[in-house]
Amino acid sequence: MERCTLENNGFVGVYFQGTVHQQKAVIAAGGASCDEKTSISMSRFLRKAGYNVLVLGFYMWKGLPKELVSIPIDYVEKAVKWLKEEKGINKIAMTSASTGAGYTLLAASLIPEISCVIPVVPFDHVMEGTTNNFKRLGKSVYTWHGIDVPYSPWQLIDQGLLRIFIEAIRDKRYGLKRFMRYGYDHNPVTEESRIKVENMHADVLFLAAKDDDAWPSDEAVPRMIKVLRDADYQYRVEWRIYDKASHALTDGLDEMSGYAKWALNHMLPAEKKYSKECEEARQDSFKLILKFLDEWGNRSC
């Protein structure tokens, strides 16, 4: 295990040397509210499979901001350069789940050296940054070379959180446990904030859950597939949207702590309604990801 720091490397991460595919490396980021321990646990199945894995911190890690705002995509750019120059790796993939999946897609749309992308339960727009108690900050969640990435403002919050809570609870499709999904479904997004996936130079495997409890990954994935088709995208594109799965379509759930563990237990109705199917979907997704990574670069799209 090798640790990378902002001071020495320009990004925060932990590198695990693999035993297979020595010319391939996977940058694995965490998700919303995922600290270092949780982020590392989410990459467990990749490390067990023997891949070179760089677990990248983009927020919530020690020394990084605790709020989801002004997060540099530059971290990924510097991590890619480090893998190429320091480790001699010329094939770089990136994967993550939830908020990290959006970070992954945005990074791949800006950094052509990323040649394989596996976003798990992604959303296809960049949003306005907020505090942890949902106060609008008037800045993008992400920056690129010091400039805000175009974002959709959280106009819904202007109605007041109490009103939003009440409306979500009254709507039988949502309720308190699907409050976040209510927010994403009812807040408008702009074309300017759309992640330009057509600019990627990467094979892509999209994974999502039907009727995602947290945000509309089940709607975002078909939208992105259509964009790629309309653009005559020249790289391999595959996807699966699981009928019975949760937003927690990731590894390391048994090692989660803090808010991530609480959210898993209390804010994902699918996990209780379809507990068996959710676990089956997770295991299947791991197999699909490993197969996709194994075939990456070995076949034409």
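Numbering of residues begins from 1 in every chain and follows the order in which that chain's sequence is written. For a predicted model such as this one, the threshold for reporting local features is a pLDDT of at least 70, and the threshold for listing and counting side-chain atom pairs is 80 or more; totals across whole chains, interfaces and linings nevertheless cover every residue. Side-chain figures throughout are based on the complete set of non-hydrogen atoms in the structure, without hydrogens or water.

## A closer look at the environment of proline 65
And then number 1: Structurally, proline 65 can be placed in the loop between strand 4 (52-57) and strand 5 (71-72).
And then number 2: Residues proline 65 and glycine 102, 37 residues apart in the sequence, show an inter-C-alpha distance of 18 Å.
And then number 3: What makes two residues a contact is simply this: any of their non-hydrogen atoms within 4.5 Å. Each residue touching proline 65, except ones within four places of it in the same chain, is listed here: Tyr59 and Met60. Secondary structure elements are defined from DSSP: runs of H or I of at least 4 residues count as helices, runs of E of at least 2 residues count as strands, and each element is numbered from the N terminus.

## Section: the pairing of strand 2 (residues 12-16)
And then number 1: We call a residue buried when its accessible area falls under 20% of the maximum for its residue type, exposed when it is over 50%, and partly exposed in between, using a 1.4 Å probe and counting protein chains only. Burial analysis of strand 2 places five of its five residues in the buried class, which makes it a mostly covered element.
And then number 2: Across the two faces of strand 2 the burial is the same, with Val12, Val14 and Phe16 and Gly13 and Tyr15 all buried.
And then number 3: Strands pair, by our definition, only if DSSP identifies at least two bridges between them. Bridging between strand 1 (residues 2-4) and strand 2 involves three bridges; their strand directions are antiparallel. Its bridge partner being in strand 2, arginine 3 is matched across the sheet by valine 14.
And then number 4: In this sheet, strand 4 lies alongside strand 2 in antiparallel orientation, the contact comprising five bridges. Paired with phenylalanine 16 across the bridge in strand 4 is valine 53.

## Quick look at the pattern of salt bridges
And then number 1: For this document, the term salt bridge refers to a Lys or Arg side-chain nitrogen within 4 Å of an Asp or Glu carboxyl oxygen. Evaluated as defined, the whole model comprises 22 salt bridges.
And then number 2: Among the salt bridges present, the one from aspartate 213 reaches arginine 178, with a minimum N-O distance of 2.6 Å. A residue pair is termed long-range when its members are at least 10 positions apart, and aspartate 213 in the loop between strand 12 (203-209) and helix 8 (217-230) and arginine 178 in the loop between helix 6 (161-170) and helix 7 (179-186) qualify at 35 residues. Residues aspartate 213 and arginine 178 agree in their burial class; the two are buried.
And then number 3: Of the charged contacts in the structure, one is a salt bridge between arginine 236 and glutamate 238, with a shortest N-O distance of 3.0 Å.
And then number 4: On the basis of relative accessible area, glutamate 238 is assigned to the partly exposed category, the value being 30%.
And then number 5: By sharing partners, the salt bridges in this structure join Arg181, Asp185, Asp218 and Glu219 into a single network.

## A few points about unusual backbone geometry
And then number 1: Unlike most non-glycine residues, phenylalanine 134 shows phi in positive territory, near 70°.
And then number 2: Its place among the elements puts phenylalanine 134 in the loop between strand 8 (128-130) and strand 9 (136-140).
And then number 3: With a phi angle near 55°, aspartate 211 is a residue other than glycine that sits in the positive phi range.
And then number 4: Residue aspartate 211 is classed as partly exposed on the basis of its relative accessible area of 44%.

## Remarks on the environment of asparagine 132
And then number 1: Among the secondary structure elements, asparagine 132 is positioned in the loop between strand 8 and strand 9.
And then number 2: When the C-alpha atoms of asparagine 132 and proline 112 are compared, they prove to be 33 Å apart, with 20 residues separating the residues in sequence.

## Observations concerning the sheet that holds strand 1
Two pairing modes exist for strands in a sheet, parallel and antiparallel, and in both the strands are linked by backbone hydrogen bonds.
And then number 1: The mixed open sheet is built from eight strands, whose spatial order is 1-2-4-3-6-7-12-13. Edge positions in the sheet fall to strand 1 and strand 13 (237-242), since each of these pairs with one other strand and no more. Strand-to-strand, the axes of this sheet are offset by a mean angle of 15°, without reference to chain direction.
And then number 2: An axis is simply a line fitted to the C-alpha atoms; with a helix, the fit covers only the stretch in contact. Between two such axes, the angle follows the N-to-C directions and lies from 0 to 180 degrees. Helix-sheet contacts for helix 11 (residues 275-295) involve strand 3 (24-29), strand 6 (91-97), strand 7 (114-120), strand 12 and strand 13, and the interaxial angle to strand 12 is about 175°.

## Some details on the packing of aromatic side chains
And then number 1: We call Phe, Tyr and Trp rings a pair once their centres come within 6.5 Å, taking the six-membered ring for Trp, and we label the pair stacked below 30 degrees between planes, edge-to-face above 60, and tilted otherwise. Inspection of the entire model under this criterion finds 14 aromatic pairs.
And then number 2: Judged by centre distance (6.0 Å) and plane angle (70°), the rings of phenylalanine 11 and tryptophan 82 are edge-to-face. Separated by 71 residues along the polypeptide, phenylalanine 11 in the loop between helix 1 (6-9) and strand 2 and tryptophan 82 in helix 4 (residues 74-86) bring together distant segments of the chain.
And then number 3: Relative accessible area serves as the criterion here: at 0%, phenylalanine 11 is assigned to the buried category.
And then number 4: Centre to centre, the rings of phenylalanine 165 and phenylalanine 179 are 4.2 Å apart; their planes meet at 15°, and the pair counts as stacked. Of this pair, phenylalanine 165 sits in helix 6 while phenylalanine 179 sits in helix 7, and the two are 14 residues apart along the sequence.
And then number 5: Overall, the relative accessible area of 29% leaves phenylalanine 165 in the partly exposed class.
And then number 6: Overall, phenylalanine 179 belongs to the buried group, its relative accessible area being 10%.
And then number 7: Ring pairs connect the aromatic residues Phe58, Tyr59, Tyr103 and Tyr142, which therefore count as one cluster.
And then number 8: Directly above the ring of phenylalanine 16 sits arginine 47, whose terminal nitrogen or CZ lies 4.7 Å from the centroid. Criterion for a charge above a ring: Lys NZ or Arg CZ within 6 Å of the ring centre, and within 35 degrees of the ring normal.

## Looking at the state of the cysteines
Each disulfide consists of a covalent bond between the sulfur atoms of two cysteine residues.
And then number 1: In this description, a disulfide is simply a cysteine sulfur pair whose atoms lie within 2.5 Å. Overall, the coordinates contain zero disulfides when judged by the stated rule.
And then number 2: The thiol of cysteine 278 is unpaired, and the distance to the nearest cysteine sulfur, on cysteine 34, comes to 17 Å.

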